[in-house]
Amino acid sequence: MRPATPVRRALAALRSSLLAASLALLAACAVPVAGGLDDTEANRVFVALDRASIDATKEADPLTEGRWRVAVGRDDLPRALSIMREEDLPRRDLPSVVDAIGKGSLVPSEAAEHAQLVAGIAGELERSLEGIDGVLTARVHLNVPAPNPLRDTAPLRGSASVLVEHTGPTPPISADAIQRLVAGGVAGLIPGDVAVVMVPRASLPGFEAGDGLAHVGPIAVTRASMRELQAALVGLVALVAILAGATLVLYSRLARARSELSEPLAAPGPHLPGSP
């Protein structure tokens, strides 16, 4: 039997501790519930889960560049999926008019090009409105007749409708300003032909408009959950430091034991005359 048995026992104990810590971390790790989302849809899922008192994190999706994913704790996974199913999240991409026209072979190409142009203008107007602080979502629907060079009569007047969802009881932009913005982006459209509907979103419990999202590194969480996440990260760092210290101590003891084993045995003393 080699005299390094205590060292082996210490190594086995450290290996067991590392395995237990790894299992604990795997049990508490986050599980993605939605991925490949744009920023707006990721925020919508994040807020819905936070309203249900589920700690969620929003982080960059490593599988899709420029996209986001939302993750929850393993224990909250069933309830998170249930909440997302009830609120129909993430929202499905419904076919647009451009998609419908592009699939028909009997539709003239001029109509498809006009529909694509109108859809592109509406998308640019939506992005402009959603860039305003306090606007959550914006939808712009344009009814712009296609020009017909064969007609001698004046072109038909177009119209537009805008739906804006905002935070707080007061809209961050007036209806007149929205009418001027939309009319200025569409040729031949006047502000009076733009209908504007603004809907305030009720403040969510635990996620007030003033709270917003806090960032812990690349992870976005609510400010109410930020301290819990920071405490968990501090605990994880402390655990890693303890394990690293234990590994260093064990390594030093192992090196000392090997040094003692490698030392040659002491030479016997000189034989004295008359000694047995």
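What counts, and where the lines are drawn
Just so you know, the residues in each chain are numbered from 1, in the order the chain's sequence is written. Residue-level local features of this predicted model are given only where pLDDT is at least 70; pairs of side-chain atoms are given and counted only at 80 or more, and the full residue set underlies all totals for whole chains, interfaces and linings. Values shown for side chains rest on all heavy atoms present in the structure; no hydrogens or waters enter the calculation. Each pair of aromatic rings taken from Phe, Tyr and Trp, with Trp reduced to its six-membered ring, is defined by centres within 6.5 Å and is described as stacked if the planes are under 30 degrees apart, edge-to-face if over 60, and tilted in the remaining cases. The rule for a charge over a ring is simple: NZ of Lys or CZ of Arg within 6 Å of the ring centre, and within 35 degrees of the ring normal. Criterion used throughout: strands pair if DSSP finds at least two bridges between them. A run of DSSP states H or I qualifies as a helix once it reaches four residues; a run of E qualifies as a strand once it reaches two. Both are numbered from the N-terminal end. Nonpolar cores were defined as sets of buried Ala, Val, Leu, Ile, Met, Phe, Trp, Tyr and Cys residues, with membership established by side-chain atoms within 4.5 Å. Here's how the labels work: a residue is buried when its accessible area is under 20% of the maximum for its type, exposed when over 50%, partly exposed in between, all with a 1.4 Å probe on protein chains only. Residues are treated as being in contact if the distance between any of their heavy atoms lies within 4.5 Å. Here a polar contact means two N or O atoms within 3.5 Å. Within protein one must be a hydrogen donor candidate and the other an acceptor candidate, and residues neighboring in sequence count only if both atoms are side-chain atoms. Each helix should span, by expectation, one fewer than its residue count multiplied by 1.5 Å. Note on method: axes are straight lines fitted to C-alpha atoms, helices fitted across the in-contact stretch only, with angles between N-to-C directions ranging 0 to 180 degrees. For any helix crossing, the convention is left-handed if the near helix is rotated counterclockwise from the far helix by under a right angle, and right-handed if that rotation is clockwise. All residues other than Ala, Val, Leu, Ile, Met, Phe, Trp, Tyr, Cys, Pro, Asp, Glu, Lys and Arg, Gly among them, are scored as polar; the first ten of these are nonpolar and the last four charged. Here, a salt bridge means any Lys or Arg side-chain nitrogen found within 4 Å of an Asp or Glu carboxyl oxygen.

Trainee: Outline the packing of aromatic side chains, listing residues and values.
Mentor: For any two aromatic rings, the description comes down to two numbers: the centre-to-centre distance and the angle of the planes. Under the counting rule described, the total for this entry stands at zero aromatic pairs. Positioned above the aromatic ring of tryptophan 68 is the side chain of lysine 58, whose terminal nitrogen or guanidinium carbon lies 4.5 Å from the ring centre.

Trainee: Summarise the pairing of strand β3 (residues 68-73); cite the residues concerned and give the values.
Mentor: Of the strand pairs in this sheet, strand β1 (residues 30-37) and β3 are connected by five bridges, and their pairing is antiparallel. Paired with leucine 37 across the strands is tryptophan 68, a residue of β3. In this sheet, β3 lies alongside strand β2 (residues 56-60) in antiparallel orientation, the contact comprising five bridges. For lysine 58, the partnering residue across the bridge sits in β3 and is valine 70.

Trainee: So, the nonpolar core: which residues are in play, and what are the values?
Mentor: The tendency in soluble globular proteins is for nonpolar side chains to be buried as a group. In terms of nonpolar packing, the biggest core is built from 18 residues, with Leu129, Val140, Leu142, Val162, Val164, Ile178 and Val182 touching the most fellow members. For this core, the secondary-structure elements that each account for two or more residues are α5 (109-130), β4 (135-143), β5 (159-167) and α6 (175-185). Once you skip the residues sitting within four places of it in the chain, valine 164 turns out to touch Leu129, Val135, Thr137, Ala138, Ile178, Val197, Met198 and Val199. Among the nonpolar cores identified, the runner-up in size contains 17 residues, and Leu49, Ala52, Ala56 and Met84 belong to it.

Trainee: Give me the side chain of lysine 58: which residues, what numbers.
Mentor: Along the chain, lysine 58 falls in strand β2. On the accessibility criterion, lysine 58 (6% relative accessible area) is buried. Reaching out from lysine 58, the side chain makes a polar contact with the side chain of aspartate 39 at a distance of 2.5 Å. Within the local environment of lysine 58, its side chain forms a polar contact with the side chain of asparagine 43, the two groups lying 2.8 Å apart.

Trainee: Can you tell me about α5, naming the residues and giving the values?
Mentor: The end-to-end C-alpha separation of α5 is 31 Å, in line with the 32 Å expected for 22 residues at 1.5 Å each. Buried residues of α5: Ala112, His114, Ala115, Val118, Ala122, Gly123, Leu125, Glu126 and Leu129, and no others.

Trainee: I'd like to hear about the packing of helix α2 (residues 39-51) against helix α3 (residues 77-86), residue by residue, with values.
Mentor: Where α2 meets α3, the axes come as close as 10 Å, and the angle between the chain directions of the two elements is 115°. In this structure, α2 meets α3 at a crossing whose hand is right-handed. Seen from α2, the contacting residues are Val45, Ala48 and Leu49; seen from α3, they are Ala80, Ile83 and Met84. In terms of residue class, the contact of α2 with α3 is built from six nonpolar, no polar and no charged.

Trainee: Can you break down the sheet that holds β4 residue by residue, with the values?
Mentor: Taken in spatial order, the three strands line up as β4-β5-β6 in an open sheet, and their pairing is mixed. At either margin of the open sheet sits one strand with a lone partner, and together these are β4 and β6 (194-201). Neighbour-to-neighbour, the strand axes of this sheet turn through a mean angle of 10°, independent of strand direction. Sheet strands in contact with α6 are β4, β5 and β6, and its direction is about 130° off that of β6.

Trainee: I'd like a description of the pattern of salt bridges, backed by residues and values.
Mentor: Scanning the entire structure with this criterion turns up six salt bridges. In this structure, aspartate 39 engages lysine 58 in a salt bridge whose closest nitrogen and oxygen atoms are separated by 2.5 Å. Placement of aspartate 39 in helix α2 and of lysine 58 in strand β2 is noted, with a sequence separation of 19 residues between them. Overall, the relative accessible area of 36% leaves aspartate 39 in the partly exposed class.

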